[in-house]
Amino acid sequence: MSHAVSPAPEIRRTASAEAAPWWRQAVVYQVYPRSFADLDGNGLGDIAGITSRVDYLDELGIDAVWLSPFYPSALADGGYDVADYRDVDPKLGTLEDFDHMVAALHERGIRVVVDIVPNHTSDLHEWFQEALLAEPGSPARDRYIFREGTGPDGSLPPSDWVSAFGGSAWERVPDGQWYLHHFAVEQPDLNWANPEVRADFVRTLRFWSDRGVDGFRIDVAHMLTKDLADVLPTQAELDAMPRDGQHPTIDRDDVHEVYAEWRAVFDSYDPPRTAVAEAWVDRSRVPLYASSESLGQAFNFDLLEADFDASQFREIVTANLELAQSSGSSSTWVLSNHDVVRHATRYGLPDAERGADGRPARKHGQEWLLSGGTDPKLDRERGERRARAATLFVLGLPGSAYLYQGEELGLHEVAEIEDGQRQDPTFFRSPGADLGRDGCRVPLPWEASGPSFGFGAGEAHLPQPAWMGEYAVERQDDDPDSTLALYRRALAVRARVQADEGLEWIETGRPDVLRFARPNGWQVVTNFGDAPHALDAAGSSVVLSSDPGAAPGVVPPASTVWLAP
Ligand code: GLC
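Rules behind the numbers
Residues numbered from 1 in each chain as written. Predicted model: local features only at pLDDT ≥ 70, side-chain atom pairs only at ≥ 80, totals over all residues. Heavy atoms only, no water. Salt bridge = Lys/Arg side-chain N within 4 Å of Asp/Glu carboxyl O. Helix = DSSP H or I, 4+ residues; strand = E, 2+ residues; numbered from the N terminus. Expected span 1.5 Å × (residues − 1). Buried < 20%, exposed > 50% of the residue type's maximum accessible area, 1.4 Å probe, protein only. Contact = heavy atoms within 4.5 Å. Axes fitted to C-alpha atoms, helices over the stretch in contact; angles between N-to-C directions. Parallel < 35°, antiparallel > 145°, perpendicular 65-115°, else oblique. Nonpolar A, V, L, I, M, F, W, Y, C, P; charged D, E, K, R; others polar. Phe/Tyr/Trp six-rings, centres within 6.5 Å; stacked < 30°, edge-to-face > 60°. Lys NZ or Arg CZ within 6 Å of the ring centre and 35° of its normal. Pairing = 2+ DSSP bridges. Near = heavy atom within 4 Å. Polar contact = N/O pair within 3.5 Å; in protein donor to acceptor, adjacent residues only side chain to side chain. Areas by Shrake-Rupley, 256 points an atom, 1.4 Å probe, with all protein chains shown as cover. Domains from an automatic or database assignment. Buried area = accessible area lost by both parts, 1.4 Å probe. Left-handed = near helix turned anticlockwise from the far one by under 90°.

1. Quick word on the pattern of salt bridges
Any two side chains of opposite charge can pair if their charged atoms end up close together. A complete count under the given rule lists 34 salt bridges for this structure. Put simply, arginine 437 and aspartate 77 hold a salt bridge, and the shortest N to O gap is 3.0 Å. Remark: aspartate 77 occurs in the loop between β2 (64–67) and α4 (95–107) and arginine 437 occurs in the loop between α15 (425–429) and α16 (473–476); sequence separation between them is 360 residues. Between arginine 437 and aspartate 424 there is a salt bridge, and its shortest N-O distance comes to 2.7 Å.

2. Here we look at helix α11 (residues 310–327)
Relative to the 26 Å expected for 18 residues at 1.5 Å per residue, α11 spans 26 Å between its end C-alpha atoms, a close match to the ideal helical length. Residues of α11 that are buried: Ala310, Phe313, Ile316, Val317, Ala319, Asn320, Leu321, Leu323, Ala324 and Ser327. Where α11 is buried, its residues contact α10 (286–290), β9 (332–334), α14 (380–396), β11 (504–505) and β12 (513–517). Two residues or fewer past α11, glycine 328 is found with a positive phi of approximately 80°.

3. Examining the packing of α14 against helix α17 (residues 483–497)
Interaxial distance between α14 and α17 falls to 11 Å at its minimum, and their mutual angle equals 10°. Between α14 and α17, the crossing angle belongs to the class labelled roughly parallel. Along the contact surface, α14 presents Arg388, Thr391, Leu392, Val394 and Leu395, while α17 presents Thr483, Leu486, Tyr487, Ala490, Leu491 and Arg494. A class-by-class count of the residues in the contact of α14 with α17 yields seven nonpolar, two polar and two charged.

4. Structural notes on the packing of aromatic side chains
Applying the stated criterion to the full structure yields 37 aromatic pairs. Between phenylalanine 393 and phenylalanine 528, the aromatic rings sit 5.9 Å apart at their centres with planes inclined by 75°, giving edge-to-face as the arrangement. Within this pair, whereas phenylalanine 393 is found in helix α14, its partner phenylalanine 528 is found in the loop between β13 (523–527) and β14 (533–534), the two being separated by 135 residues in sequence. Linked through ring pairs, Phe308, Phe313, Tyr347, Phe393, Trp505, Phe516 and Phe528 together constitute an aromatic cluster. Positioned above the aromatic ring of tryptophan 446, the side-chain terminus of arginine 53 is 3.9 Å from the ring centre. The cationic tip of arginine 346 hangs over the ring face of tyrosine 347; the distance from NZ or CZ to the ring centre is 5.7 Å.

5. Looking at the pairing of strand β17 (residues 559–564)
Taking burial as the measure, the six residues of β17 include six buried ones, the bulk of the element. Judged by which residues are buried, β17 turns out to be covered on both faces: Ser559, Val561 and Leu563 on one side and Thr560, Trp562 and Ala564 on the other are all buried. The sheet contact formed by β13 and β17 spans five bridges and is antiparallel. From the neighbouring strand, valine 525 faces β17, where its bridge partner is valine 561. Taken together, the four bridges between strand β15 (residues 541–545) and β17 define a ladder with antiparallel strand orientation.

6. So, the site of the ligand
The full set close to the ligand counts 14 residues, and Asp77, Asp219, Glu278, His338 and Asp339 are the nearest of them. The side chain of histidine 120 places a nitrogen or oxygen atom 2.9 Å from an oxygen atom of the ligand. Within the side chain of histidine 338, an N or O atom sits 2.9 Å from an oxygen atom of the ligand. When the ligand is considered free in solution it has 310 Å² of accessible area, and contact with the protein chains removes 96% of it.

7. What about the domain arrangement of the chain?
Domain boundaries assigned for the chain yield domain 1 (22–118 + 196–489), domain 2 (126–180) and domain 3 (503–564). Averaged C-alpha coordinates put domain 1 and domain 2 at centres separated by 30 Å. Taken together, the contact between domain 1 and domain 2 spans 20 residues of the former and 17 residues of the latter. Summing the contributions of domain 1 and of domain 2, the shared interface buries around 1400 Å²; its carbon and sulfur component is 59%. When the buried surface of domain 1 facing domain 2 is broken down by residue, Leu232, Gln235 and Arg429 rank first, second and third, together holding 38% of it. A salt bridge links glutamate 196 to arginine 143, with the shortest nitrogen-to-oxygen separation between them at 2.9 Å. There are nine residue pairs in polar contact (both at pLDDT 80 or more) connecting domain 1 and domain 2. At the level of elements, α7 (195–210), α8 (235–240) and α15 are the ones that each hand at least two residues to the side of domain 1 that touches domain 2.

8. What to know about the packing of α7 against helix α9 (residues 255–267)
Running from N to C, α7 and α9 cross one another at 30°; their axes reach a closest spacing of 10 Å. Between α7 and α9, the angle is such that the two are roughly parallel. Considering only the axes of α7 and α9, their crossing is right-handed. Counting all contacts with α7, which are made through Arg198, Phe201, Val202, Leu205 and Arg206, the residues of α9 involved are Glu257, Val258, Glu261, Trp262, Val265 and Phe266. Partitioned by chemical class, the residues of the contact of α7 with α9 number seven nonpolar, no polar and four charged.

9. Topic: the sheet that holds strand β1 (residues 27–31)
What the seven strands build is an open sheet, ordered β8-β7-β3-β2-β1-β10-β9; its pairing is parallel. Two strands bound the open sheet, and with one partner strand each, they are β8 (274–277) and β9. Geometrically, the sheet is characterised by an average inter-axis angle of 25° between neighbouring strands, direction not taken into account. Judged from the four bridges that link them, β1 and strand β10 (residues 400–404) form a sheet pairing that is parallel. The residue bridging valine 27 from the neighbouring strand is alanine 401, located in β10. Sitting on the sheet, α17 is in contact with β1 and β10, with an inclination near 160° to β10.

10. Some details on the sheet that holds strand β6 (residues 178–180)
The antiparallel open sheet is built from three strands, whose spatial order is β4-β6-β5. Single-partner strands in this sheet number two, and they are β4 (146–147) and β5 (170–172). In the sheet, β5 pairs with β6 via three bridges, with the strands oriented antiparallel. When the bridges of β6 are listed, arginine 172 appears paired with tryptophan 178.

11. Concerning the environment of leucine 133
With respect to the helices and strands, the residue leucine 133 is situated in helix α5 (residues 126–133). The class for leucine 133 is exposed, based on a relative accessible area of 77%. Separated by 197 residues in the primary sequence, leucine 133 and serine 330 have C-alpha atoms spaced 46 Å apart.

What follows is the structure, given as structure tokens:
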């Protein structure tokens, strides 16, 4: 192996980066608890499984973990249907297990962020069960959004609104009323105009903060508050309304009244608890969520929709750094999460087909998924190469990076899931059109063989194809050229570097090669093209390359190097 890489030098620290709050440039690793590690062998990952892997997380070098929901749930939407916000799902463990996990992570300096799902509860939540038994117009129904139906006998839904997973957004209950669910039928929307709902979430935030949780990821943060007139607009009318803060259901200005109250809760702790908004809103409105009076940080999902393309990446970086500056927050970078096709796979497929607005016309990778993975369009090796390059690019940027479990192994999306094994409501509610998100939620391979590749003692809750063994932690652990080794080295260097948050582009003379410098002189060069790029590295040394075979002085196609002054 010809590593064009010298040992990472000590790079001068920037005082302001050292003094900044921890989250501003944190590397946050998303754990999808059901699919991380299954200690009790029942096929579902559990909290004790996470605790059993803290050494792995420590060695990876992350600053925090974000846990997707682990609360009691019938798993109608992978746990985003929460039946009790202040407990652990018995299938995943106990509150005591949770406390052990937090202690074990904290001992290693890893912070803990938990997912809060405030737009909807599970239909099994005691409030919804109470609402079902209560009269129309009762206080119990007022915690949700119940309406009379339309048509002569009320047997038609209150409007033609479509849920995010397909099908009607309304469901009828036995006494004839209908309730709103923007997601699955099992996820009734809460009524955020109800003070009891508001008070209960404050209690939940305190409950977890008191248990030592450091921060919160806020699910569909842009949808909580609604302003529903007696006569509801049609879906077409709703879609045509401007998203200017007054839209009836999406991104309303008044949602920030909720977050101002939460902010007071966060700030009453020392250190203050943090939050990051999952808000799918127009770019111009992201700073409202990221402001220090609101949630403090917001996800930037632009890279999830981008191709492996220099001009797209540059535009996204420039725009999001400006947005972050305008809110006083730091930017976030995401290449994969539990809702999208893994980036190693996206980058190994032909570029997304785009609509007139420049956004992918349909979910990238969907066609290939529909073929069950037999479509020859996926070039695995190319996808992995590009994924490593993109990751190293992103980890060099100012702001915080959110990694999704398994990306550090270069894992691909799993297409080989039979219809009968699928779990995602998207699949059930859009028959044949959208296979949903199960393919990125398949349990991790820890070992190269065994019944569930070391995930647990028995079979995993989603099928793991044979090729997953090739990506096992066990296989990559001691291989200096592995993707896992690359992530470990990158995070170690990043932690040492601690650059201030600025970024300056350096022109490369090639439209497909991006280069930028951080205020401490640290530089990143990414070649998005197909031809090698001769590296002008006068005065600096290469500390890391995403291509272990890179020759000195060259940035090979689809690769990134880090340079230190
Ligand atoms: C968010 C979650 C997604 C979930 C949805 C409904 O988008 O990331 O997984 O299905 O909210 O809670």
